Amino acid sequence: MKRFLTSLVAVGVAIGLAGAARAQYFDHFETVNPPPGGSAISGSSTLFFLPGGNLNKFAGGDGTDVVLANLRVTSTASDSTPDVFVVPYVITMDLTDVASGQFTPANAPSLLFKGTLSGTVSGGTANIVNTNTGPLFYNVTLGAVTYHVALGTYTAPEAPGGALGAIGAHVSAVPEPGTFALLGVGILPLLGLARRRK
């Protein structure tokens, strides 16, 4: 019984260490390259790219969703003759691992997300769709952590005066091989105990 309890403790410690290895905090910063000024103008309508929050996000567990760019539209065009947009963009995402202070692009290539926003906008309506034209995900190692960064949910901006839209990503910490080794060390005594009882 004592060995069994010791084995349970070992498994608990291994799982705890595995969780700690994944509990990583990061900061992220984005720059967007639409037409000059961070906005695109068509007729009497404007599509704005606005920054999202970027400090101390948690990548452990299932990871976290982040905003690469918020989107807002303004327009005085009539609903019967809306303005038409076709706006290619490139979002450069830079990550900083809080524990080590390492960041992109100094230690790894910048993360580039490319796409095209297209559709129509008027004073009362907005119909903007997003088409991705570049990589959908990256793995980047900073310090002792490998981060998996994947494009997330796109939310279209509502008509002028309505809710913001957003281009999002999902960031999670990839378990290191050492994490699985620790878990295995904790489970081995249990396997041995089960074999002895047979």
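Let us look at the structure shown here. (Residues numbered from 1 in each chain as written. Predicted model: local features only at pLDDT ≥ 70, side-chain atom pairs only at ≥ 80, totals over all residues. Heavy atoms only, no water.)

**Comments concerning the environment of G61**
Point 1. Mapping G61 onto the fold places it in the loop between β4 (57-58) and β5 (64-75).
Point 2. Sequence separation between G61 and P175 is 114 residues; the distance between their C-alpha atoms is 9.8 Å. (Helix = DSSP H or I, 4+ residues; strand = E, 2+ residues; numbered from the N terminus.)

**Observations regarding the pairing of strand β11 (residues 165-174)**
Note on strand geometry: in a regular strand, side chains alternate between the two faces of the sheet.
Point 1. Here β11 lies mainly inside the structure; eight of its ten residues are buried.
Point 2. Of the pairings in the sheet, the one linking β5 to β11 comprises seven bridges and is antiparallel in character. Bridge assignment links N70 to a residue of β11, and that residue is A166.
Point 3. Direction of pairing for strand β10 (residues 145-155) relative to β11: antiparallel, over a ladder of eight bridges. In the sheet register, V149 faces β11, and the bridge partner there is V171. (Buried < 20%, exposed > 50% of the residue type's maximum accessible area, 1.4 Å probe, protein only. Pairing = 2+ DSSP bridges.)

**Concerning the nonpolar core**
Point 1. Counting residues in hydrophobic clusters, the biggest one holds 32 residues, and the most contacted among them are M93, L95, Y147, V149 and V171.
Point 2. Elements represented by at least two residues in this core include exactly β3 (45-50), β5, β6 (83-97), β7 (111-121), β9 (137-142), β10 and β11.
Point 3. Among all residues touching V149, those that are not within four sequence positions of it are M93, L95, L111, F113, L136, F137, Y138, A169, H170 and V171. (Core = buried A, V, L, I, M, F, W, Y, C linked by side-chain atoms within 4.5 Å. Contact = heavy atoms within 4.5 Å.)

**What about a nonpolar patch on the surface?**
Point 1. Nonpolar side chains collect at one region of the surface, where Y25, F58 and V98 lie side by side and expose about 260 Å² of accessible area between them.
Point 2. Counting through the fold element by element, Y25 comes out in strand β1 (residues 25-32).
Point 3. Exposure remark for Y25: the relative accessible area of 41% places this residue in the partly exposed category. (Patch = residues over 30% accessible without salt bridge, like charges linked within 9 Å, V, L, I, M, F, W, Y side chains within 5 Å. Areas by Shrake-Rupley, 256 points an atom, 1.4 Å probe, with all protein chains shown as cover. Salt bridge = Lys/Arg side-chain N within 4 Å of Asp/Glu carboxyl O.)

**Overview of the sheet that holds β1**
Within a sheet, each strand pairs with its neighbour through backbone hydrogen bonds, oriented either parallel or antiparallel.
Point 1. Reading across the sheet, the five strands line up as β4-β1-β6-β7-β8 and stay open at both edges, with antiparallel pairing between neighbours. Both outer strands of the open sheet, β4 and β8 (126-132), are each paired with one neighbouring strand and no more.
Point 2. Relative to β7, β6 runs antiparallel, the two sharing eleven bridges. Within β7, the residue paired with D83 across the bridge is V121.

**Observations concerning the pairing of β1**
Point 1. Both β1 and β4 contribute to a ladder of two bridges, which runs antiparallel. What sits directly across from Y25, in β4, is F58.
Point 2. Bridge analysis of β1 against β6 gives seven bridges, and the strand direction is antiparallel. The partner of V32 across the bridge, within β6, is I91.

**With respect to the packing of aromatic side chains**
Point 1. Applying the stated criterion to the full structure yields four aromatic pairs.
Point 2. Taking 6.2 Å as the distance between ring centres and 50° as the angle between the ring planes, the aromatic pair formed by F49 and Y89 counts as tilted. Of this pair, F49 sits in strand β3 while Y89 sits in strand β6; the two residues are 40 residues apart in sequence, bridging distant segments of the chain.
Point 3. For the pair F113 and Y138, a centre-to-centre distance of 5.4 Å together with 80° between the ring planes defines the contact as edge-to-face. Of this pair, F113 sits in strand β7 while Y138 sits in strand β9, placing them 25 residues apart in sequence. Here F113 and Y138 have matching classes, each one buried.
Point 4. Directly above the ring of F48 sits R72, whose terminal nitrogen or CZ lies 5.0 Å from the centroid. (Phe/Tyr/Trp six-rings, centres within 6.5 Å; stacked < 30°, edge-to-face > 60°. Lys NZ or Arg CZ within 6 Å of the ring centre and 35° of its normal.)

**A word on the sheet that holds β5**
Point 1. Pairing within the open sheet is antiparallel, and its six strands lie in the order β2-β3-β5-β11-β10-β9. Strand pairing shows two members of the sheet lacking a second neighbour, β2 (39-42) and β9, which therefore form its edges. With strand direction ignored, the average angle separating the axes of adjacent strands in the sheet is 20°.
Point 2. Pairing analysis gives four bridges linking β2 to β3, with the strands arranged antiparallel. Across the sheet, the residue bridging to S42 is S45, located in β3. (Axes fitted to C-alpha atoms, helices over the stretch in contact; angles between N-to-C directions.)

Worth remembering: the numbers are spatial, not functional.
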